[in-house]
Amino acid sequence: MEKDWTAVFSQRQNQLERVIGANQMTERFGLSLTEEEAGLILEERQKTLREQRRVEFGEGILTRLIYEFCDSEYLDQSNYVETLIRLQEIFYLYKNEMQDELTDDELLHLMKEQFELLCFGDLEYLESTCLAAFSQAVRAGYGGYRGTDGRGEYSRFDEEKRWDHELYFETLKELCWG
């Protein structure tokens, strides 16, 4: 089957323009992509799609990912490209792991919320702990996320001990005043 290379080039050019166009919004957060960086991210997207055996039609997830995460306190220009590539990989992996039960927006919101509030920018923790536990619940039939747009859901499955402000002060009082 012969490829129409002009159509392929045109599609890639459109994707590049959309990604570069996102700079208008992200520059206020100190983030921008060059054409080369955007091209690298799009190449990595194609590689990840092949690895995850996924097909995307239309715009894809990259610009939505950029808009969702651009205001993160854990992103800066020095880690922007690498973080976008990893977030893209994590997104496609967990679309599969959750058997496409969550919409793209639900998964994006879930990822962002955990990235900010629980993972403090740690992509490994996001992937191997937060999303792993949540996807296990989804595969087991959990559907409570419907109607929440993916927000406020992870706490139902969080098995990690977290900081307890009251317990800290109670222990501090016991140690200091006996």
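The shown structure was predicted, so the numbers you read here are calculated from the model rather than taken from an experiment. (Residues numbered from 1 in each chain as written. Predicted model: local features only at pLDDT ≥ 70, side-chain atom pairs only at ≥ 80, totals over all residues. Heavy atoms only, no water.)

Novice: Let's hear about the overall build of the protein chain: which residues, and what values?
Specialist: Counting its regular elements, the protein chain contains eight helices and zero strands. In the protein chain, which comprises 178 residues, the proportion classed as buried is 40%. Excluding contacts between residues fewer than 6 apart, the proportion of contacts in the protein chain whose partners are at least 24 apart in sequence is 67%. Element-wise, carbon and sulfur atoms account for 49% of the exposed surface of the protein chain, whose accessible area totals about 10,800 Å². (Helix = DSSP H or I, 4+ residues; strand = E, 2+ residues; numbered from the N terminus. Buried < 20%, exposed > 50% of the residue type's maximum accessible area, 1.4 Å probe, protein only. Contact = heavy atoms within 4.5 Å. Areas by Shrake-Rupley, 256 points an atom, 1.4 Å probe, with all protein chains shown as cover.)

Novice: Which residues make up the packing of aromatic side chains, and what values do they have?
Specialist: Per the counting criterion, the structure on display carries seven aromatic pairs. Residues Phe134 and Tyr145 carry aromatic rings whose centres are separated by 6.3 Å and whose planes lie at 65° to one another, so their mutual orientation is edge-to-face. One end of the pair, Phe134, is in helix α7 (residues 123-139); the other, Tyr145, is in the loop between α7 and α8 (165-177), and 11 residues separate them in sequence. The two residues Phe134 and Tyr145 agree in class, both being buried. Ring geometry for Tyr142 against Tyr145: centres 6.2 Å apart, planes inclined by 55°, an arrangement best described as tilted. Tyr145 carries the same exposure label as Tyr142, and that label is buried. One aromatic cluster is present, built from ring pairs that chain together Phe69, Tyr74, Phe115 and Phe120. (Phe/Tyr/Trp six-rings, centres within 6.5 Å; stacked < 30°, edge-to-face > 60°.)

Novice: Please set out the side chain of Glu127 residue by residue, giving values where relevant.
Specialist: Locating Glu127 in the fold gives a position in helix α7. A distance of 2.5 Å separates polar atoms of two side chains, one belonging to Glu127 and the other to Arg86. Excluding its chain neighbours within four sequence positions, the residues that come into contact with Glu127 are Arg86, Ile90, Leu93, Tyr94 and Ala132. (Polar contact = N/O pair within 3.5 Å; in protein donor to acceptor, adjacent residues only side chain to side chain.)

Novice: Tell me about helix α4 (residues 62-69), and please be specific about residues and values.
Specialist: Judged by how many residues are buried, α4 sits mostly within the fold: six of eight residues are covered. When we look at burial in α4, the residues that qualify are Leu62, Thr63, Leu65, Ile66, Glu68 and Phe69.

Novice: Run through the packing of α4 against helix α5 (residues 80-97), naming residues and quoting values.
Specialist: The N-to-C vectors of α4 and α5 enclose an angle of 120°; their axes lie 11 Å apart at closest approach. Considered as vectors, α4 and α5 are oriented oblique to each other. Viewed along their axes, α4 and α5 form a crossing whose handedness is right-handed. Across the interface between the two elements, Leu62, Leu65, Ile66 and Phe69 of α4 pack against Tyr80, Leu84, Leu87 and Gln88 of α5. (Axes fitted to C-alpha atoms, helices over the stretch in contact; angles between N-to-C directions. Parallel < 35°, antiparallel > 145°, perpendicular 65-115°, else oblique. Left-handed = near helix turned anticlockwise from the far one by under 90°.)

Novice: Describe the pattern of salt bridges, naming the residues involved and giving the relevant values.
Specialist: As enumerated under the stated definition, the model contains 11 salt bridges in all. Residues Arg64 and Asp105 are paired through a salt bridge, measuring 2.8 Å at the closest nitrogen-oxygen approach. Placement of Arg64 in helix α4 and of Asp105 in helix α6 (residues 104-117) is noted, with a sequence separation of 41 residues between them. Judged by its relative accessible area of 31%, Arg64 falls in the partly exposed class. Judged by relative accessible area, which is 35%, Asp105 ranks as partly exposed. Between Glu97 and Arg139 there is a salt bridge, and its shortest N-O distance comes to 3.3 Å. (Salt bridge = Lys/Arg side-chain N within 4 Å of Asp/Glu carboxyl O.)

Novice: Break down the packing of α4 against α6 for me, with residues and values.
Specialist: Close contact between α4 and α6 brings their axes to 10 Å; oriented N to C, the two are set at 35°. Viewed along their axes, α4 and α6 form a crossing whose handedness is right-handed. Every residue of α6 that contacts α4 at Arg64, Leu65, Glu68 and Phe69 is listed here: Asp104, Asp105, Leu108, His109, Met111, Lys112 and Phe115. For the contact of α4 with α6, the class distribution of residues is five nonpolar, one polar and five charged. (Nonpolar A, V, L, I, M, F, W, Y, C, P; charged D, E, K, R; others polar.)

Novice: Help me get a handle on helix α3 (residues 35-51), residues and values and all.
Specialist: An ideal rise of 1.5 Å per residue puts 24 Å on 17 residues; α3 measures up with 24 Å between its terminal C-alpha atoms. Considered for burial, the residues of α3 that qualify are Ala38, Gly39, Ile41, Leu42, Glu44, Arg45, Thr48 and Leu49. Positive phi appears at Arg53, one or two residues downstream of α3, with a value of about 55°. (Expected span 1.5 Å × (residues − 1).)

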